[in-house]
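# Examining the three-dimensional arrangement
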Amino acid sequence: MTQSSFDEKRQTKDRTQDELYEGNAAGDVSQYAVVVEVEKRTTWFVWLLVACCTISGLLFGYDTGVISGTLVTINGDLGPAQLSDGQKEFITSATTLGALLGGLAGGAMSDWTGRRLVLGIADIIFVGGALGQAVCHTVWSMIGCRFLIGIGVGLASCIAPLYIQELSPTRMRGRMVVLNVVMITFGQVVAYGIDAGFANVSGGWRWMVGLGTVPAGIQLICLAFLPESPRILIQRGNIEAAHRVLERVYSQATAEQIDFQLQVLRASVQQSIDIANSTTFFERFKSMITVPVNRRALIIGCGMQAFQQLCGFNTLMYYSASLFQEIGFNQPTAVGLIVSGTNFIFTLFALKYIDIVGRRRIMVFSAPGMVFGLTLASIAFHYMTLHTGGDLVNGVSYSRSWSAIVLLSMIIFVASYATGLGNVPWQQGELFGLEVRGIGTSLSTATNWAGNLLIGSTYLSLMAKITPAGAFGFYAGLCLLGWLFCLFCFPETAGLSLEEVQSIFRDGFGIRESQRMRNQKREMVMQQDIKAGRGNA
């Protein structure tokens, strides 16, 4: 298929969406854009479905957080009397490398198999990797099992938000995805709590890593009772099953409203099916660069995921216990629990406001707090380590005041991160059209894990080469660049349906266009409310 043919089919899809969402030439308000979003309450079915899906987030958080306490308690159980910095980096980075590969494959795989099956595969991998870690006795076997766990993390981190987005009502979509992030942070809190509980138990680290089998097993059972995404069902031609899912998601809507929603989805999905059936996977992959709408969405998706990792947050998740131990805290794992607890609490704040305040505004106002926190940490490390030549040296006593300021700066940084950057990039699935959603989500997730791999594998070396003050100052500079990216490139997608979001990228990054569409939809909802009020009068 030629590029011009691909562009023609894409333009046909855009015109179809225009007819559905923008009303007719006479200026009448199109019912399709708002009629199925009139529910004032979210049904129990949606909450139950999302609760089951977010177990993936719990596993993601647990398996990335548990390694912090594991590294300081393994001691000589894997052979060497003490793990070297290089071995710690290998163990940590193996998970990230596996997640990079899993994330890269997950989205595209789910387009073929469906979202639910991929989550089930991730759970099986979680169970195998966790049991393998619990019984390993060499550094390399530990690295291999961490790599296996990483594949599961990558699959789950890619598919869980995508699955949730495709099953959630538009007005609650952001919050539902943030629930997955809440569970990620809760999983990290649980991991730190278990780390602290087993810190003084002989071989306790084996329990730390092995307990990850429990939530994975629970989700595997739950998945047997969950439906497939209605968009995937329509793509397969199973219209009746898609209709049943929509009835359960919008249980308080009328039959007419359900039919309208199904008609909107079928129109959009049919164009995506036409594109998918007339192109190869490699042509769709190429279209992520050559088609302007897809390219802009990909830049934003990958850019936000890169920002999330290059800010340095996950170095705290991986190495916080080691860091706090070096600067003089007697209970480093317990102090790390304070950091992960802050992450959890402020993620709850994002859960409340991400659909109310909006993704863009949250990012614009929270990112400067990250820059401030990291800059303060850099200053504190500079003055703390003056008498040791700028380096952190084990066994040296450091000023308690400066250590406290480091902890305070970490709390400020983590609170700002959890409010915005910890959540917003995982809304990535809403940026892409269905025909390339799996590919776009895979590439964005892979960018996240590639950044994670880069940061996780270079953190200890960076601390040694340019000192802790230099390392945290460097992360502050990257955060500043990320904030500028949000200001100039990141549009607002809150309140727009998955089918509407792609249209904002036709003539640019859509910052103004997204706001225009949101204002238009608010006016349409107000008109609907006025009509409903008159009808009830």
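This section reports on the structure supplied with the text. One numbering rule holds for all chains: residues counted from 1, following each sequence as written. Per-residue local features of the predicted model are confined to residues with pLDDT of at least 70, and side-chain atom pairs are confined, for both listing and counting, to 80 or more; whole-chain, interface and lining totals are unaffected and use all residues. Only heavy atoms go into the side-chain values, all of them from the structure, while hydrogens and water stay out.

## Examining the overall build of the chain
- A run of DSSP states H or I qualifies as a helix once it reaches four residues; a run of E qualifies as a strand once it reaches two. Both are numbered from the N-terminal end. A count of helical and extended segments in the chain gives 21 helices and zero strands.
- A 1.4 Å probe rolled over the protein chains alone gives each residue an accessible area, and that area as a share of the maximum for its type sets the label: buried under 20%, exposed over 50%, partly exposed in between. Expressed as a percentage of the 537 residues in the chain, the buried residues total 58%.
- Accessibility throughout is a Shrake-Rupley quantity obtained with a 1.4 Å probe, and a residue counts as covered only by protein chains that appear here. Looking at the chain as shown, the accessible area adds up to about 20500 Å², and 63% of this sits on carbon and sulfur atoms.

## Description of the nonpolar core
- Put simply, buried Ala, Val, Leu, Ile, Met, Phe, Trp, Tyr and Cys residues joined by side-chain atoms within 4.5 Å make one nonpolar core. Counting residues in hydrophobic clusters, the biggest one holds 139 residues, and the most contacted among them are Met304, Phe381, Phe413 and Phe472.
- If you tally residues by element for this core, the top one is helix 19 (residues 434-489), at 19 residues.
- Residue contacts follow a heavy-atom distance rule, with two residues in contact if any of their heavy atoms lie within 4.5 Å. Those residues in contact with Met304 that sit more than four places away from it in its chain are Met363, Leu421, Val424, Pro425, Phe485, Cys486 and Phe490.

## Thoughts on the side chain of Glu166
- Relative to the elements of secondary structure, Glu166 occurs in helix 6 (residues 139-167).
- Given the relative accessible area of 2%, Glu166 is considered buried.
- Between N or O atoms, a polar contact is any pair within 3.5 Å; within protein, one atom must be a potential hydrogen donor and the other a potential acceptor, and residues adjacent in sequence are included only when both atoms are from side chains. Side chain to side chain, Glu166 and Ser229 meet in a polar contact 2.7 Å long.

## Considering the layout of surface pockets
- Cavity: a set of points on a 1 Å grid over the protein atoms alone where a 1.4 Å probe fits but cannot get out. Pocket: an open set with protein on both sides within 12 Å along at least five of seven lines, its lining residues, like those of a cavity, having an atom within 4 Å of a point. Grid points are joined across faces, edges and corners, and a volume is the space filled by probe spheres set on the points. For the second largest pocket, the calculated volume is near 510 Å³.
- Around the second largest pocket, the lining is made up of 21 residues, and of these Asp85, Lys88, Glu326, Asn394 and Leu460 lie nearest the centre.
- Elements represented by at least two residues in the lining of the second largest pocket include exactly helix 4 (85-113), helix 15 (313-326) and helix 19.
- By the convention adopted, Pro, Cys, Tyr, Trp, Phe, Met, Ile, Leu, Val and Ala count as nonpolar, Lys, Arg, Asp and Glu as charged, and the other residues, Gly among them, as polar. Its residues assigned to classes, the lining of the second largest pocket shows twelve nonpolar, five polar and four charged.

## Overview of the pattern of salt bridges
- Salt bridge, as applied in this entry: a Lys or Arg side-chain nitrogen positioned within 4 Å of an Asp or Glu carboxyl oxygen. Within this structure, the stated rule accounts for six salt bridges.
- We note a salt bridge from Glu166 to Arg437, for which the minimum N-O separation is 3.0 Å. Separated by 271 residues along the polypeptide, Glu166 in helix 6 and Arg437 in helix 19 bring together distant segments of the chain. Per residue, the accessibility class of Glu166 equals that of Arg437, and both read buried.
- With a shortest N-O distance of 2.9 Å, Glu430 and Arg173 are connected by a salt bridge. Highlighted residues: Glu430 in the loop between helix 18 (400-419) and helix 19 and Arg173 in helix 7 (residues 173-198), separated in sequence by 257 residues.
- A single network of salt bridges, built from pairs that share partners, joins Arg173, Asp355, Arg359 and Glu430.

## Thoughts on a nonpolar patch on the surface
- A contiguous nonpolar patch, built from Ile345, Phe346, Phe349, Tyr353 and Ile356 and spanning about 460 Å² of accessible area, is present on the exposed surface.
- Looking at the secondary structure, you find Ile345 in helix 16 (residues 332-357). Patch definition: residues above 30% relative accessible area lacking any salt bridge, with like charges linked at up to 9 Å and the nonpolar side chains Val, Leu, Ile, Met, Phe, Trp and Tyr linked at up to 5 Å.

## Focus: the environment of Phe509
- For Phe509, the location among the structural elements is in the loop between helix 20 (498-501) and helix 21 (511-536).
- Sequence separation between Phe509 and Val293 is 216 residues, and the spatial gap between their C-alpha atoms is 8.8 Å.
- With near-sequence residues (within four places) excluded, Phe509 lies in contact with Arg296, Ile299, Ile300, Cys489, Pro491 and Ile504.

## Examining the packing of helix 6 against helix 19
- To obtain an axis, a line is fitted to C-alpha atoms, over the contacting stretch when the element is a helix, and the angle between two such axes runs from 0 to 180 degrees between their N-to-C directions. Here helix 6 crosses helix 19 at 140 degrees, and the two axes come no closer than 10 Å. It follows that helix 6 is oblique to helix 19 by the angle criterion. Remark: the crossing between helix 6 and helix 19 carries right-handed chirality. The segment helix 6 lies against helix 19, with Val153, Gly154, Ser157, Cys158, Leu162 and Glu166 engaging Leu434, Arg437, Thr441, Ser442, Thr445 and Trp449.
- Residues that form the contact of helix 6 with helix 19 fall into these classes: five nonpolar, five polar and two charged. For classification purposes, an angle smaller than 35 degrees is called roughly parallel, one larger than 145 roughly antiparallel, one from 65 to 115 roughly perpendicular, and anything else oblique. Crossings are assigned a handedness: left-handed for a near helix turned anticlockwise from the far helix by less than a right angle, right-handed for a clockwise turn.

## Quick word on the environment of Trp140
- By secondary structure assignment, the location of Trp140 is in helix 6.
- Trp140 sits 50 residues away from Phe90 along the chain, and the two C-alpha atoms are 9.1 Å apart.

## Observations regarding the environment of Phe307
- In this structure, Phe307 sits in helix 14 (residues 292-310).
- Classification of Phe307 as buried rests on a relative accessible area of 5%.
- A sequence separation of 172 residues divides Phe307 from Cys479, and the C-alpha atoms of the two residues are 7.1 Å apart.
- In contact with Phe307, not counting residues within four places along its chain, are Met363, Ala367, Met370, Leu421, Leu478, Cys479, Gly482, Trp483 and Cys486.

## So, unusual backbone geometry
- With a phi angle near 70 degrees, Thr467 is a residue other than glycine that sits in the positive phi range.
- Assignment of secondary structure puts Thr467 in helix 19.

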